[in-house]
Amino acid sequence: MTAKTTSGLRGGIGTSAQRPDGIPKVMGNFAYASDLWSEDMLWGSTLRSPYAYARLVSIDVGPAVAMAGVRAVLTQDDVQGKRTFGQEEQDQPVFCDGFAQYWGEPVAVVAADDEETARRAAAAIVVEWEPLAPLTDPQQAVDNGSTFREMKIRRGDVDSTGSVVVEGVYETATQDQAPLGTEAGFAIPDGEGGLDLYVTSQWIHVDHRQIVACLDMPDDLVRCHPAGIGGAFGSREDISLHIHVAMLALATGRPVKMVYDRTESFAGHVKRHPSHMVYRHEADPDGNLVKVTARLLLDGGAYAHTSRAVLANATFFTVGPYRCDNVVVDAAVARTNNPPAGAMRGFGAVQTCFASESQMDLLAAELGMDPLELRRKNALLAGDPMSTSGQIIEGSLPTLEVIDAIEAIPLPDALADSDDPRLLPGGTGLTTPSSSVVRGVGYAVGLKNLAFSEGFDDFAEARVVMTPAGVEVHTAAMEVGQGLVTVCQQITRTVLGTEKVAVVWDDTSQIGSAGSTSASRQTQMTGGAVHAAAVGLRDQILADHGGDELRDDGVYRDGARIATIEDVCAAGPVDHHVRFRHPETFPPDENGQGDVHAGFVVAAHRAVVDVDPELGLVRVVRIDTSQDVGTALNPQAITGQLEGGIMQGMGLAIMEELVIDEGIILNPTFTDYLIPTFLDAPAVETRIIEAGDHWGPFGAKGIGESPTISSTPAVIAAIRAATGRPLTRVPVRPEDIVGI
Amino acid sequence: MNVTITVNGEERVVDVAGAESLLTVLRNDLDLPGTKDACEQGECGSCTVVFDEEAICSCLVMAADADGAEVTTVEGLGSEDELHPFQEAMLAEGGVQCGFCTPGVIVAGSHLLAANPQPSEIEIREALSGNICRCTGYGAILRAFETVTKEDA
């Protein structure tokens, strides 16, 4: 599996093959879920709770039902099957069930002839609420025993001490994935009691399981189809409007379309968990880590979603990519009335990376050591035990290589002496003269697990089919923009020796699960399934025809063609279907010990910032990165992931925060939730480190999340270097820099 | 009320109720879903069209105010056989990931290049600062501009 197979074939692995959906996307005719349409369709709209916590006293749908053009109004009373859903724990009612547990929780849905009527009808529903005091303090929730999960790590000698000690308290705010495409779904009744559902998702099979349970329908009557998706970043890991739009279609017998507007989207999907982290690092005078002690508190909001797994990641990556034999962690994810939290790129590792990298810089300063030297000295390498779980690192872990590579990228000139305001902190606000600007440089290194952990039965199915017209790859993996579609083609081309490869998106009735497009897993998991299926197909064809090589025009033996592709397919298309699994993982024991992870990936970032310390303004000049990729299957796609992920990491560092007051999001719009623009985007230089790995196709690792993990602490380290401020909370606000 | 808009060179008459945006009319009445709806506040640029020679957010224009206007959407730029050079460059440089911002970026970018075939990097950044991309981090889009401006040089 780890052999490097690079051929001269166009569009095989190792090339920057172009994505097959690129032309429709630049022409504007790629069909996103929100573009689906039929002449007889209805529009759906949702009524949401205006309170973070309230008792639903009564609901009168009469005024909505009475409106012309309204075809259905549904509430929790109309749920035919299981009344709750959820990926890990089915704890969220389909609609408010007696209580609203968070601001924006769905109360009712309406289907009407047009979008405007649907919205007006939803607003016409009369609800009597009894507002209650929301539980919004996660510590209070933990004290009350209101948690989704509590975990601990006890490794080594918990009484050991080091003579050099640094302590810190760190916080990360609530970040939103803010994919450009909002939630959208299109449900079409088939006229025979069944339903086809096209919906924005990261994992249609896990959606399907929850949808059929709530609809109380047999599996085969509901078919979930991959739909065109405008980004995800974790926001589509959980159910949003899926069940609602399906219920409306079944109730009306007509196709129903639902599309969230931006404010609904902010209310309607899970966020990155806000966190509060208390850290203590102890080292010997030479800088060897002796002990790390941490308390982690994440706020999971009102419903479970993936909070259990997010907490596990935060916990296992408490120490980052460093060796430490004595580790004590107590961690909890609270259940509150804040907006539900769940998956976002980096998935728990982002929060603890910010804290632990801040600690490493503090420790370096305390020791009088160069921060990178301290990191090299303690670098976690292949063959070492994970400092938290004790798991021996299998496969590659080029921690030293990424540190060396990031340091070797040349730094820019000291300060641009330009007075162009577009290049100064604050931009064209003309607030900062160049003479006020101070430059800072900061580094960070981040570690992440690959694919699902803790004994989860993680698999991906793929089917590769040889036809006279070319090869088809069948999968239900969700392409959310990252380029999985291209990687599937590239792997198949390289294995089967043909350029003519098309990816066919199957629905849930046609193929088994590909697992989630999350956890940096699809290049390895669906890529691994496609690789295994293509290899199986090739070997089967060669065996059937007695050949030793498969090319795009047939089977060869000793360089001579002995069968054409038409011969191979004489009895019909030939296919090979695979269910691929990564190396087995296991649940941790009560001390958090065990082989909980399938693999690891490491990356480093260096940020250069210009700061106006008097006004607290920051311009990020550049963020460079060195990234462990195992094997580079598509260098251009890797660069795209690295640059895009860095921007989200920078967003968390200095811009992106959902401001939440008593459970209510105060800035659920693109006017008030700030996302980095072209003018905010720093220059980025990338270094790709290829050290192979033990199970991905051709030795590839997933790299979707790494760029968002250590980019945030690198930016903060740079601002600290420029200002001397402690900056223990992200995003950093101007007042944190000014010190008021 | 009937509104007459010349869209991608073709005169179209739409019966609008009054309050809908040009974006809504393009997507829902004129069968032009290439123009995307992502924020409806003029912040993200996904709905960028050229309106009487200006690149604007179509979510901020009342459809009724488009009466008599000339509008170019992404569907009016290039064809599968002959893509606009900026469309080609976006593909070649990996400027497209999820693609939801892409129509707006293509319209804003080609509009900039028509007015200024050799924009500097900072001019590009400023001209497209209203087009948010959540996937690429903008690097690949800037490289797409670079290839187009080099070709023209």
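**Side note on the overall build of chain A**
Thought 1: Helices and strands together make up the secondary structure of chain A, namely 18 helices and 31 strands.
Thought 2: The globule rule puts the C-alpha radius of gyration for 740 residues at 27 Å, and the 26 Å found for chain A is close to it.
Thought 3: Along the longest, intermediate and shortest principal axes, the C-alpha atoms of chain A span 80 × 70 × 55 Å.
Thought 4: Counted over contacts in chain A with a minimum sequence separation of 6, partners at least 24 positions apart contribute 81%.

**Describing the overall build of chain B**
Thought 1: A count of helical and extended segments in chain B gives five helices and five strands.
Thought 2: The globule rule puts the C-alpha radius of gyration for 153 residues at 15 Å, and the 15 Å found for chain B is close to it.
Thought 3: On the principal axes, the C-alpha backbone points of chain B span a range of 45 × 25 × 25 Å.
Thought 4: Considering chain B as a whole, with its 153 residues, one finds that 58% of them fall into the buried category.
Thought 5: Taking the contacts inside chain B whose residues are at least 6 apart along the sequence as the reference set, 60% of them involve residues at least 24 apart.

**What about the sheet that holds strand β6 (residues 99-100) of chain A?**
All names here are of chain A.
Thought 1: The three strands lie next to each other as β6-β2-β8, forming an open sheet whose pairing is antiparallel. This sheet does not close on itself; its edge strands, each paired only once, are β6 and β8 (126-131).
Thought 2: Bridge count for strand β2 (residues 54-60) against β6 is two bridges, and the pairing is antiparallel. Considered in β6, the bridge of Ala54 is made with Ala100.

**Things to note about the nonpolar core**
Thought 1: The biggest cluster of nonpolar side chains holds 289 residues, and the ones touching the most others in it are Ala108, Val110, Ala246, Val609 and Val715 of chain A.
Thought 2: Beyond its immediate sequence surroundings of up to four residues, Ala108 of chain A is in contact with Leu47, Ile59, Val61, Val73, Leu74, Thr75, Phe95, Ala122 and Ile125 of chain A.

**Let's talk about unusual backbone geometry**
Most peptide bonds take the trans configuration, and most residues that are not glycine carry a negative phi.
Thought 1: That bond from Val730 of chain A to Pro731 of chain A is cis: its omega, -5°, falls within 30 degrees of zero.
Thought 2: Inspection of the secondary structure puts Pro731 of chain A in the loop between β31 (729-730) and α18 (734-738).
Thought 3: The phi angle at Ala519 of chain A is positive, at roughly 55°, despite the residue not being glycine.
Thought 4: Along the chain, the position of Ala519 of chain A falls in the loop between β21 (501-505) and α13 (522-545).
Thought 5: The phi angle at Asp31 of chain B is positive, at roughly 55°, despite the residue not being glycine.
Thought 6: One can find Asp31 of chain B in the loop between α1 (22-29) and β3 (48-51).

**Regarding helix α12 (residues 484-496) of chain A**
Thought 1: Compared with an ideal rise of 1.5 Å per residue, which puts 13 residues at 18 Å, α12 of chain A spans 18 Å between its outermost C-alpha atoms and is within 8% of the ideal.
Thought 2: Across the 13 residues of α12 of chain A, 13 count as buried, placing the element largely inside the fold.

**With respect to the pairing of strand β1 (residues 42-48) of chain A**
All names here are of chain A.
Thought 1: Most of β1 is tucked away, with six of its seven residues classed as buried.
Thought 2: Sheet topology places β1 next to strand β14 (residues 256-259); two bridges connect them, and they run parallel. Note that in β14 the partner of Leu42 across the bridge is Val256.
Thought 3: Both β1 and strand β7 (residues 106-112) contribute to a ladder of six bridges, which runs antiparallel. What sits directly across from Gly44, in β7, is Ala111.

**What to know about the sheet that holds β31 of chain A**
Residue and element names in this part refer to chain A.
Thought 1: As summarised here, the arrangement of the six strands in space is β9-β17-β16-β15-β10-β31, forming an open sheet in which the pairing is mixed. In this open sheet, the two edge strands, each paired with only one partner strand, are β9 (147-155) and β31.
Thought 2: The sheet contact formed by strand β16 (residues 289-299) and strand β17 (residues 327-334) spans eight bridges and is parallel. Paired with Leu298 across the two strands is Val333, which belongs to β17.

**What to know about the interface of chain A and chain B**
Accessible area lost on assembly of the parts is the figure often given for the size of an interface.
Thought 1: Contacts between the two partners involve 44 residues from chain A, matched on the other side by 42 residues from chain B.
Thought 2: The greatest single-element share of the side of chain A that touches chain B, amounting to eight residues, is contributed by helix α15 (residues 635-654) of chain A.
Thought 3: Taken together, the residues of the side of chain A that touches chain B break down into 19 nonpolar, 18 polar and seven charged.

**Quick notes on the domain arrangement of chain A**
Residues and elements named next belong to chain A.
Thought 1: Per the domain assignment, the segments making up chain A are domain 1 (22-30 + 459-581), domain 2 (33-133 + 182-229 + 236-268) and domain 3 (275-453 + 589-738).
Thought 2: Look at where the C-alpha atoms of domain 1 and domain 3 centre, and you get two points 36 Å apart.
Thought 3: Each partner contributes residues to the interface: domain 1 has 16 residues there, and domain 3 has 19 residues.
Thought 4: Those elements that provide at least two residues to the side of domain 1 that touches domain 3 are α12 and α13.
Thought 5: Broken down by element, the side of domain 1 that touches domain 3 gets its largest block of residues, six residues, from α13.
Thought 6: The class makeup of the residues in the side of domain 1 that touches domain 3 is four nonpolar, eleven polar and one charged.

**Structural notes on the confidence of the model for chain B**
Thought 1: Per-residue confidence for chain B gives a mean pLDDT of 96; residues scoring 70 or more make up 98%.
Thought 2: Scoring of the predicted complex yields 0.97 for pTM and 0.98 for ipTM.

**What about the confidence of the model for chain A?**
Thought 1: Within chain A, residue pLDDT values average 96, and 99% of them lie at 70 or more.
Thought 2: Here residues 1-6 of chain A is a poorly scored stretch, pLDDT under 50, and it has ten contacts once near neighbours within four places are set aside; other chains count.

**Here's the deal with the domain arrangement of chain B**
All names here are of chain B.
Thought 1: Taken domain by domain, chain B comprises domain 1 (2-76) and domain 2 (85-152).
Thought 2: Here the C-alpha centre of domain 2 lies 21 Å away from the C-alpha centre of domain 1.
Thought 3: Contact with domain 1, which involves 13 residues of that partner, is made by eleven residues of domain 2.
Thought 4: Considering each element in turn, the side of domain 1 that touches domain 2 owes the most residues, three residues, to β3.

**Remarks on the pairing of strand β18 (residues 438-449) of chain A**
All names here are of chain A.
Thought 1: Burial analysis of β18 places nine of its twelve residues in the buried class, the great majority of the element.
Thought 2: Here β18 pairs with strand β26 (residues 600-612) via twelve bridges, running antiparallel. For Val438, the partnering residue across the bridge sits in β26 and is Val611.

**Here's the deal with the environment of Asp216 of chain A**
Thought 1: The topology assignment puts Asp216 of chain A in the loop between α5 (204-215) and β13 (222-226).
Thought 2: In this structure, Asp216 of chain A is in contact with Gln80 and Gly81 of chain A, ignoring residues within four places of it in sequence.

**Some details on the packing of α12 of chain A against α13 of chain A**
Residue and element names in this part refer to chain A.
Thought 1: Where α12 meets α13, the closest approach of the two axes is 9 Å, and the angle between their N-to-C directions is 25°. Judged by the inter-axis angle, α12 sits roughly parallel to α13. Between α12 and α13 the crossing geometry is right-handed. Contacts from Leu484, Val487, Cys488, Ile491, Thr492, Val495 and Leu496 in α12 reach Gln522, Thr523, Thr526, Gly527, Val530, His531, Ala534, Val535 and Arg538 in α13.
Thought 2: Broken down by class, the residue content of the contact of α12 with α13 amounts to nine nonpolar, six polar and one charged.

**Thoughts on the packing of helix α2 (residues 85-92) of chain B against helix α3 (residues 102-115) of chain B**
Helix packing for two helices is described by the angle between their axes and how far apart those axes are.
All names here are of chain B.
Thought 1: Two numbers describe how α2 lies on α3: the axes approach to 9 Å, and their chain directions differ by 130°. With respect to each other, α2 and α3 are oriented oblique. Remark: the crossing between α2 and α3 carries right-handed chirality. Here α2 contributes Phe86, Gln87 and Met90 to the contact with α3, which in turn contributes Thr102, Ile106, Gly109, Ser110 and Leu113.
Thought 2: Considering only residue class, the contact of α2 with α3 consists of four nonpolar, four polar and no charged.

**Notes on helix α17 (residues 711-723) of chain A**
Thought 1: The first and last C-alpha atoms of α17 of chain A sit 19 Å apart over 13 residues, in line with the 18 Å expected at 1.5 Å per residue.
Thought 2: Note on α17 of chain A: the residue one or two positions beyond its end, Gly724 of chain A, has a positive phi of about 75°.

**Considerations on the environment of Thr174 of chain A**
Residues and elements named next belong to chain A.
Thought 1: Looking at the element boundaries, Thr174 is found in the loop between β10 (164-172) and β11 (184-189).
Thought 2: On the basis of neighbour counts, which here come to 22 C-beta atoms within 10 Å, the residue Thr174 falls in the buried class.
Thought 3: Separated by 533 residues in sequence, Thr174 and Pro707 place their C-alpha atoms 18 Å apart.

The rules behind each value
Residues numbered from 1 in each chain as written. Chains lettered and ligands numbered in written order. Predicted model: local features only at pLDDT ≥ 70, side-chain atom pairs only at ≥ 80, totals over all residues. Helix = DSSP H or I, 4+ residues; strand = E, 2+ residues; numbered from the N terminus. Rg over C-alpha atoms; globule rule 2.2 N^0.38 Å. Contact = placed C-beta atoms within 7 Å. Buried ≥ 20, exposed ≤ 12 C-beta atoms within 10 Å, placed from the backbone. Pairing = 2+ DSSP bridges. Core = buried A, V, L, I, M, F, W, Y, C linked by C-beta atoms within 7 Å. Expected span 1.5 Å × (residues − 1). Nonpolar A, V, L, I, M, F, W, Y, C, P; charged D, E, K, R; others polar. Domains from an automatic or database assignment. pLDDT = per-residue confidence, 0-100. Axes fitted to C-alpha atoms, helices over the stretch in contact; angles between N-to-C directions. Parallel < 35°, antiparallel > 145°, perpendicular 65-115°, else oblique. Left-handed = near helix turned anticlockwise from the far one by under 90°.

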